[in-house]
Amino acid sequence: EIYTLSLHDALPIWLLSQGLTAESQVRHRAEAFRRALADGRSAKAWHMVSAEYRDQWNMDRDQVGSALRDVSRQFLTLRVDWVDPRFERTADGGVALTTLPRLEGKAITPVGEMMLSTARRLEQPFTFTWRKEGWWPWTWRLVSITNPDLEIPQGYSPGMFSDRPISLEDAM
């Protein structure tokens, strides 16, 4: 009897042979998220956020999408670097990236200047928690962001600096 190896059978074997551990998959996704932020592509970053997203500031996926757009509108240029990134598995099978992002850029508004100043003063790292929502390596989605030092300014509402809410069409 002859057995033909299908793509469905071969792909998992090939992926394993490439050393694509959960941590390395999240490293790739987190890097894509970082690049999207730095490039001002808030919709692309939003597309990597889980529908189940919840953070310490009580934002959901749509609100964090609007906040990402607000951030991107404050800068002519923005550079985002991960400082000493550490990737660790979580108890529920996810992966947490702990890092202190360094932001540099050319703010075009006073709000952008305030964002840069706030980011420079933070001493505690952020934790970006990712969870795999499908079989493929690129289905890791951001489910939460935390930072014990960061307080959202009183009166801020996600989307207040955007003309319209972010949509799935923007991410395409």
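What comes next concerns the included structure.

## Considering helix H5 (residues 110-121)
Helical periodicity: at 3.6 residues per turn, an α-helix aligns residues three or four positions apart in one direction. The end-to-end C-alpha separation of H5 is 17 Å, in line with the 16 Å expected for 12 residues at 1.5 Å each. Buried within H5 are the following residues: Gly112, Met115, Leu116 and Ala119. With its buried residues spanning 95° around the axis, H5 presents them on a single face. In H5, the exposed residues that point more than 90 degrees away from the buried face are Pro110 and Arg121. As for H5, its buried residues are in contact with helix H4 (61-72), strand E1 (75-89) and strand E2 (95-107).

## Let's talk about the sheet that holds strand E3 (residues 126-132)
What the four strands build is an open sheet, ordered E1-E2-E3-E4; its pairing is antiparallel. Looking along the sheet, the strands with just one partner apiece sit at the ends: E1 and strand E4 (140-146). Averaged over all adjacent pairs, the angle separating strand axes in this sheet is 35°, with direction ignored. For E1 and E2, the ladder comprises 12 bridges, and the chain directions are antiparallel.

Rules and cut-offs
- Residues numbered from 1 in each chain as written.
- Predicted model: local features only at pLDDT ≥ 70, side-chain atom pairs only at ≥ 80, totals over all residues.
- Heavy atoms only, no water.
- Helix = DSSP H or I, 4+ residues; strand = E, 2+ residues; numbered from the N terminus.
- Expected span 1.5 Å × (residues − 1).
- Buried < 20%, exposed > 50% of the residue type's maximum accessible area, 1.4 Å probe, protein only.
- Arc of directions from axis to C-beta.
- Contact = heavy atoms within 4.5 Å.
- Pairing = 2+ DSSP bridges.
- Axes fitted to C-alpha atoms, helices over the stretch in contact; angles between N-to-C directions.

Worth remembering: the numbers are spatial, not functional.
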